[in-house]
There are 2 protein chains.
Amino acid sequence: MNLILLSGGSGKRLWPLSNDVRSKQFLKLFQNEAGEYESMAQRLLRQLRAAFPDASVTIATGENQKSAILNQLGGPGVSVCCEPQRRDTFPAIALAAAYLYSEQGLGEDEPVIVCPIDPFVGPDYFAALARLEAAVRQGTAKLVLMGAAPTYPSAKYGYFLPGPAPAGAAGADAAGDLRPVAWFREKPSEEQAAAYIAQGALWNCGVFGFKLGYLLGVLAGYLPVKTYREVYRRYAELPKTSFDYAVAERETAVSCIRFEGEWKDVGTWNTLAEVMSQPALGNVVLGGGCENVHAVNELEQPLLVMGAKNMIVAAGPDGVLVSDKHQSSYIKPYVDGLHQRVMFEEKSWGSFRVLLEDPRGHSMTVHLAVRAGGQMSYHCHQNRDEVWTVLSGRGRATVEGRETPLCPGAVLRLPAGARHTLQADTAMELIEVQLGRAVEDADVEQF
Amino acid sequence: MNLILLSGGSGKRLWPLSNDVRSKQFLKLFQNEAGEYESMAQRLLRQLRAAFPDASVTIATGENQKSAILNQLGGPGVSVCCEPQRRDTFPAIALAAAYLYSEQGLGEDEPVIVCPIDPFVGPDYFAALARLEAAVRQGTAKLVLMGAAPTYPSAKYGYFLPGPAPAGAAGADAAGDLRPVAWFREKPSEEQAAAYIAQGALWNCGVFGFKLGYLLGVLAGYLPVKTYREVYRRYAELPKTSFDYAVAERETAVSCIRFEGEWKDVGTWNTLAEVMSQPALGNVVLGGGCENVHAVNELEQPLLVMGAKNMIVAAGPDGVLVSDKHQSSYIKPYVDGLHQRVMFEEKSWGSFRVLLEDPRGHSMTVHLAVRAGGQMSYHCHQNRDEVWTVLSGRGRATVEGRETPLCPGAVLRLPAGARHTLQADTAMELIEVQLGRAVEDADVEQF
C-alpha cells in the first residue's frame with residue numbers, strides 16, 4: 001500500500017501543549033499497551049505498520065514539522081516530503097504525488113491512499129483502507145473517498161451523500177459497497193448536519209484513493225510538470241486551495257465507501273479528553289471532589305486539582321489552561337491574543353526549552369536536550385554571544401573549525417559571529433545562555 | 001508604641017505560592033493605593049507606620065524568615081529578633097521581651113503590644129491598638145487582650161468571653177471599655193461557636209498588651225534570666241507552648257477590649273480571595289463564562305481560565321493549584337504529600353529560583369537575582385562545582401581571596417571546595433549551574 005499521510009495544522013486549539021511549531025499530532029498523550037506514551041501520529045503509524053507491514057509511507061508536511069516527524073516517526077519505509085512553503089492540501093498532495101512518481105519510481109497505474117496523520121481510529125479503519133485500495137485498483141471510479149457513519153450531528157466535519165449503487169455493481173467483491181457521491185457539504189450548522197444525516201450523509205474522513213496517474217493528470221491542468229524537483233521549484237504557482245475543493249468536488253467520477261467503526265478528529269481538548277486512557281497524565285494529584293476532570297501536566301512541578309467538575313487542566317512550558325470542557329472549544333481567539341514565544345520545540349538534533357526570558361530581550365536561558373548521535377547544523381548568530389554549560393553526556397563542539405571535547409561541567413563561550421556546531425556521542429543535556437543587544441530566534445545563519 | 005510583631009507559620013495552606021520558607025505573610029498579593037503590590041506583612045507595617053509614626057517595631061521570627069523580613073520590611077525603627085530554633089509563641093514573645101529590655105533598653109514599666117504580622121484589618125484596628133496601649137498604661141489589668149466582634153461562627157478562631165465591667169470602672173476614659181475575661185475557648189465546632197457568640201464571646205485576635213516588667217516576671221518563672229543573650233542561649237529550656245496557654249489562660253488579672261472593625265486572618269485561599277482587590281493577578285486571562293474565580297499567576301507564561309465557577313487557580317514556581325473555593329480549605333494533607341523542593345526563596349542578598357532540576361540529583365540550574373548592594377556570605381560547597389553566567393548588572397566575585405569584576409556575559413567557574421562570594425554593585429541577575437555527584441541544598445559551609 002502506498003500512503004500519503006498529511007501532517008499540517010498550527011494546533012492552537014490544544015494550547016498550551018500545542019503551538020505554531022508543535023502540532024497536536026505530536027503530543028505524547030496516549031498510552032500504548034506497553035505503557036509508553038505516544039503521540040497521535042505515532043499511534044496511527046504503529047497501527048498502519050500492524051495492518052500493512054509492507055506499506056510505503058510518505059509524510060507530506062512543512063519544514064516546521066520536519067524535525068518532529070523525523071524524531072517521532074523516522075525509520076525504514078517512511079519518507080518525508082516537505083513543502084517549500086505552506087499552501088493547502090491540494091498543492092501538498094500534488095507535490096507528494098510527484099515525489100512518489102519521480103523519487104520513488106511509482107508507476108502511474110499504482111493506487112495511492114491519502115489520509116490525515118492524526119485520526120483517532122480502531123482496527124476497522126485499516127480494513128476500510130484496504131477496501132478503498134481494492135476499489136481504486138478495480139478502476140470503476142477515478143477517485144474514491146472514505147465516509148464514516150456519523151454518530152452525532154457535528155458542525156465541525158464535512159459531509160457527503162452516497163448515491164444509489166450503479167446498476168450491476170452490487171456484489172460480494174472488494175468494491176461491492178462502492179457508491180457514487182451525490183454531493184459535498186462543508187461544516188454545516190448542527191441543524192443542517194442532522195438533516196444531512198437523516199438523508200444518509202457520511203462524515204468526510206479526508207481519506208482519498210486514486211491511481212497515481214490520475215493525480216498527475218489533475219496536476220498537469222495547473223502546471224506542465226510532474227517531477228518532484230519541478231513541482232517543488234514552481235510550488236508557489238499552485239493554487240492555495242484544498243484537495244476537496246480543487247479535486248473531489250469537481251470530479252464527476254467520484255465514489256465512496258462507507259466505514260462504520262470508531263473515527264474521531266481529536267482537535268479540541270473536549271474530544272481529546274474523550275479518548276484519553278486515564279484522567280491524569282504527568283505530575284498530577286486529583287484531590288477530593290473531582291468529577292469528569294482531565295488533567296495533563298508537562299511541567300516537573302506538581303499540579304493539584306481539587307473539587308473541579310467537568311474541567312480540563314493543562315500545564316506546559318507555554319502556559320496553563322483551566323477550562324470548563326464545553327468552553328474549551330472556544331479557546332482559539334484567546335490563544336490568538338496571547339502573542340507568545342514558543343517555549344518548547346523539537347529539533348532535528350533533539351529539543352530545546354526556554355527556561356527564562358529577559359523581558360527586555362537581552363538574554364534567554366535555554367535547556368538543550370540532544371539525542372545520542374544528534375548534530376546541529378554549522379551555524380552562527382550575529383547579535384548574540386552564547387555560553388554552553390554541559391549538564392550531562394559526552395560529545396564534541398566545533399567552533400570555527402576547531403574541535404573541543406565536551407563532558408559534564410564543560411563550559412564553552414561562543415562569541416557572536418563564531419560558526420559553531422555540536423555533535424553528541426551520547427545523549428546530552430546543556431544549559432545555553434544567550435546574551436546580546438537583541439536576542440531573537442531569527443538571528444541564525446546556517447552554513 | 002512598642003510593638004512585637006509575631007511572624008511564624010509554614011504557610012502550606014496557600015500552596016503553591018507559600019511553602020516552608022515563604023510564609024503567606026510575604027506573598028505580594030495586595031495592591032496599595034499607588035498600584036504597587038505588597039505582602040500582608042508590608043501592608044500591616046505600612047498601616048502601623050501611618051497610625052503610629054514613632055512606633056518601635058520588633059519582629060519575632062525564625063532564621064528561615066529573616067531574609068524575607070529584611071527584604072520586605074527592613075528599615076529604621078524595625079528590629080528582627082530571631083529564635084535560635086522554632087518553639088511556640090510563648091518562648092518567642094519572651095525572647096522578644098528580653099530583647100526589648102537588654103538590647104533596646106526599654107523600661108520595665110513601659111507598655112508592650114504583641115500582635116500577629118498578618119491580620120487583614122482596616123484603620124479601626126489601629127485605633128483599638130491605641131486604646132489597648134492606654135489600658136495597659138493605666139495599669140488596672142496586668143494583661144489586656146483585644147477581641148474582635150464575630151461576624152460568623154468560625155471554627156478556626158479562638159474565643160473569649162468578656163465579663164461584666166468592674167464596679168466604678170465604666171467611664172469615658174481610654175480604658176472605659178475594659179472588661180475582665182471570663183473564659184477562653186480554642187477553635188470550637190461551628191455549633192459551639194454560635195453558642196459562644198450568643199453569650200457575647202469575641203474572637204481572640206492574638207493581640208496582647210502588658211508592661212514589659214510583667215512578662216519578664218512570667219519568664220522568671222521558667223528561667224532565672226532576663227537579658228536577650230541569656231534567653232537566647234537557654235532557649236531550648238523554655239516550654240514549647242503558646243502564649244495563650246502559658247500566660248493568658250493562667251493569668252487572673254486579664255482584661256480585654258472589644259473591637260468592632262474589619263479583622264480577618266487570611267489563612268486559606270478562600271479567605272484570601274475575599275480580600276483580593278481584583279479577581280486576577282499576574283499574567284492571567286479570564287475568558288468567557290468565568291464566575292467567582294480568583295486567579296494568581298507568578299509565572300511568566302500565561303494562565304488562561306475559561307468557564308470556571310467558584311474556583312481558585314494559583315500558579316507559581318512550586319506548582320499549580322486548581323480548586324473549588326470551598327475545597328481549598330482542605331488542601332493541607334495534599335500539600336503535605338507532595339514532598340517537593342522549595343523552588344523559590346528570598347535570601348538576604350535577593351532571591352533564587354530553581355529553573356531546572358536533574359531528577360538524578362546531578363545538576364540544578366538556578367536563577368539568582370541579587371539586589372544592588374547585596375552580598376552573599378563567604379561560602380563553599382564540598383560536593384558540587386558551580387558555573388555562574390552573568391545575565392545583567394555589575395558586581396564583583398571573590399574566589400579564594402581573589403576578586404574578579406563581573407559584567408553581563410562574564411562566566412565564572414567555582415570548583416567544589418573553593419570559597420567564594422558575590423557582591424552586587426547594581427542589581428544583578430545570574431544563571432548558576434550546580435553540578436556534582438549529589439547536588440543538595442544542605443551542601444554549604446559558611447565562613
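Residues numbered from 1 in each chain as written. Chains lettered and ligands numbered in written order. Predicted model: local features only at pLDDT ≥ 70, side-chain atom pairs only at ≥ 80, totals over all residues. Heavy atoms only, no water.

### Quick word on the relation of the copies chain A and chain B
Under the fitted operation, chain A is carried onto chain B by 0.1 Å of movement along the axis and a turn of 180 degrees, and the coordinates agree to an RMSD of 0.1 Å. Interpreted geometrically, this transformation is the action of a two-fold axis. For chain A, the residue whose C-alpha comes nearest the rotation axis is Leu355(A), separated from it by 3.1 Å. (Least-squares fit on C-alpha atoms with pLDDT ≥ 70 in both.)

### Topic: the sheet that holds strand 15 (residues 284-286) of chain B
Here we have six strands laid out as an open sheet, ordered 14(A)-16(A)-18(A)-19(A)-17(B)-15(B), and mixed in their pairing. Only two strands of the sheet have a single neighbouring strand rather than two, namely strand 14 (280-282) of chain A together with strand 15 of chain B. The sheet shows a mean angle of 10 degrees between the axes of neighbouring strands, taken without regard to direction. In this structure, strand 16 (residues 291-297) of chain A lies alongside strand 18 (residues 309-316) of chain A, joined through six bridges in parallel fashion. (Pairing = 2+ DSSP bridges. Helix = DSSP H or I, 4+ residues; strand = E, 2+ residues; numbered from the N terminus. Axes fitted to C-alpha atoms, helices over the stretch in contact; angles between N-to-C directions.)

### Thoughts on the environment of Gly158(A)
All names here are of chain A. Along the chain, Gly158 turns up in the loop between strand 8 (143-148) and strand 9 (159-162). Overall, Gly158 belongs to the buried group, its relative accessible area being 9%. Sequence separation between Gly158 and Arg185 is 27 residues; the distance between their C-alpha atoms is 5.8 Å. (Buried < 20%, exposed > 50% of the residue type's maximum accessible area, 1.4 Å probe, protein only.)

### Some points on the pattern of salt bridges
Across all of its chains, the model carries 48 salt bridges over all chains by this definition. The shortest N-O distance in the salt bridge between Glu429(B) and Arg360(A) comes to 3.6 Å. One end of the pair, Glu429(B), is in strand 29 (residues 428-436); the other, Arg360(A), is in the loop between strand 21 (350-357) and strand 22 (363-370), on a second chain. Overall, the relative accessible area of 22% leaves Glu429(B) in the partly exposed class. For Glu400(A), the salt bridge goes to Arg419(A), with nearest N and O atoms at 2.8 Å. With a gap of 19 residues between them, Glu400(A) in the loop between strand 25 (395-399) and strand 26 (402-406) and Arg419(A) in the loop between strand 27 (411-414) and strand 28 (420-424) connect regions that are remote in the sequence. Overlapping salt bridges, with partners in common, bring together Lys12(A), Lys332(A) and Asp336(A) in one network. (Salt bridge = Lys/Arg side-chain N within 4 Å of Asp/Glu carboxyl O.)

The analysis is restricted to geometry; functional conclusions fall outside its scope.
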